[in-house]
Every structure is written in structure tokens, then in C-alpha cells.
Amino acid sequence: MKTLYLLRHAKSSWDDPSLRDFDRPLAPRGRLAAPEVARHMQEQEYLPQVVLSSASRRTRETWSLVSSVLGGEPEVRFQRSLYMADAADMLMEIHVQTNATERLLMIGHNPSMEELAVYLAGSGDADALRSMSRKFPTAALAVLEHRGDRWSELTRGSCHLVEFVRPKDL
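Residue indices follow the written sequence of each chain, beginning from 1 at its first position. For this predicted model, a pLDDT threshold of at least 70 governs which residues receive local features, and a threshold of 80 or more governs which side-chain atom pairs are given and counted, while totals over whole chains, interfaces and linings are taken from all residues. Neither water nor hydrogens contribute to the side-chain values; these are computed over all heavy atoms in the structure.

K.L.:
So what exactly am I meant to see when it comes to unusual backbone geometry here?
P.N.:
Glycine aside, a negative phi is what most residues show, and trans is what most peptide bonds show. Following N110, the chain continues to P111 via a peptide bond in cis, the omega torsion being 10 degrees. For the purposes of this entry, the term helix denotes a DSSP run of H or I that reaches at least four residues, the term strand denotes a run of E that reaches at least two, and both are numbered from the N terminus. Position of P111 among the secondary structure elements: in the loop between β4 (103–108) and α4 (112–120). Phi at E45 takes a positive value of approximately 60 degrees, unusual for a residue other than glycine. Note that E45 resides in the loop between α1 (28–43) and β2 (50–54).

K.L.:
Whenever I open this one, the sheet that holds strand β6 (residues 141–146) confuses me. Can you help?
P.N.:
Two orientations exist for strands paired in a sheet by backbone hydrogen bonds: parallel and antiparallel. Strand pairing is assigned whenever DSSP detects at least two bridges linking the two strands. Ordered by their spatial adjacency, 7 strands build an open sheet running β3-β2-β4-β1-β6-β7-β5, and the pairing between neighbours is mixed. One side of each edge strand has no neighbouring strand; the edge strands of this open sheet are β3 (75–79) and β5 (121–124). Here the strands of the sheet are splayed against their neighbours by 25 degrees on average, with no regard to which way each runs. Sheet topology places β2 next to β3; 5 bridges connect them, and they run parallel. Each bridged residue has a counterpart across the sheet, and for V51 the counterpart in β3 is V76. The contact criterion used is simple: two residues touch if any of their non-hydrogen atoms lie within 4.5 Å. What counts as an axis is a line fitted to C-alpha atoms, over the stretch in contact for a helix, and the angles between N-to-C directions run from 0 to 180 degrees. Taken strand by strand, helix α2 (residues 57–70) contacts β1 (2–8), β2, β3 and β4, and its axis lies near 135 degrees from that of β4.

K.L.:
Quick question: what am I supposed to make of helix α3 (residues 87–95) here?
P.N.:
Every α-helix carries 3.6 residues per turn, so stepping three or four residues along brings you back to the same face. Of all the positions in α3, only A87, M90, L91 and I94 are classed as buried. The buried residues of α3 occupy an angular sector of 100 degrees when projected down its axis, which confines them to one face. For α3, the secondary structure elements touched by its buried residues are β1, β4 and α4. The residue sitting at the N-terminus of α3 and contributing the capping side-chain oxygen is D86; that oxygen lies 3.2 Å from the backbone nitrogen of A88. Relative accessibility thresholds used throughout: buried, under 20% of the residue-type maximum; exposed, over 50%; partly exposed, between the two (1.4 Å probe, protein chains only). Read the arc as the range of directions from the helix axis to the C-beta atoms. In protein, a polar contact requires one atom able to donate a hydrogen and another able to accept it; more generally it is a pair of N or O atoms within 3.5 Å, and residues adjacent in sequence count only if both atoms are side-chain atoms.

Read these as layout, nothing more, since geometry by itself doesn't imply function.
What follows is the structure, given as C-alpha cells:
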């Protein structure tokens, strides 16, 4: 079985209008939310073996805060290609992961994160599915399970939504 964790970066700051979008840091609210979500991940034993993340500053900072709580030593790859990736591009990155990896965390941006989660989730708690498809806020986490053995088997509706958690839920 494969488990995919989709984490949207924590809330970013718009305080410095001279910064490029790629270089925006986390806002104070984001610096509080990321460790909260990480504590939940730790409590639920949502522990990734591999982390694929956009290379933007806010996704790097999100991972730094999450990893300081989660611990462990997953393989981490920051990919600039994930910064402006659409859901199809993100899915292609998942498809090429080694099948030895059972638990994969992807950290990215909306609208792609929400589109990918909704595309993959074919079953799960009806309220969680509705909530996720309405809004995938910053620092929200979707946990998806796929019964197959290969990442390349993930297609529309092939995953079960185990949980959708938002920082305000914690």
C-alpha cells in the first residue's frame, strides 16, 4: 500500500511587496500552523520516507518547521519545477517515484495541491471530501492511501482519503 501526504505550505507573508512570489517567507501565523500540523502528523504516525517539495522559500520554511517536530531522516528533494506545477505535473512526479517508497510527502501550492487531492480521492469520509474540495487552506494536510504497489497506478479516484486536516481543526 502507498500513502501520499499532500501538504500545502503554511501561510506566507505579503509584508514586503518588493519580494518575488517565489521568495516570500512564512507569516507569523504560518510559523505557528506548520508545527501544529507536524505534531498531528507525529501523533498519527504520518511519517514520510521521501519528501518532494517546491523550492520556494515558503515551502522550504514549512518543511523546516515540520521536520523539526517530526524528526526522522527522510530523503528530501526541493524541486523548482514544483513551484509552478499544475496537478498533472505533480502527479507525473509522483508516478516516477521508486516503488520501494511506501510513504511520500509532497509540499506545494494551490490551486494545484487541491486539484491533485480532489482528483485522486475516490473515497473517504463524505464531509472530509466536501471540505477538501471546497477549500484547501494553507498548512492543510490530505492523507491519501492507495492499495496498489506502484506509484504509477495513482489515477483519478484511485485513492482513499484517510483524513483531511486544517490548522483550525487542531
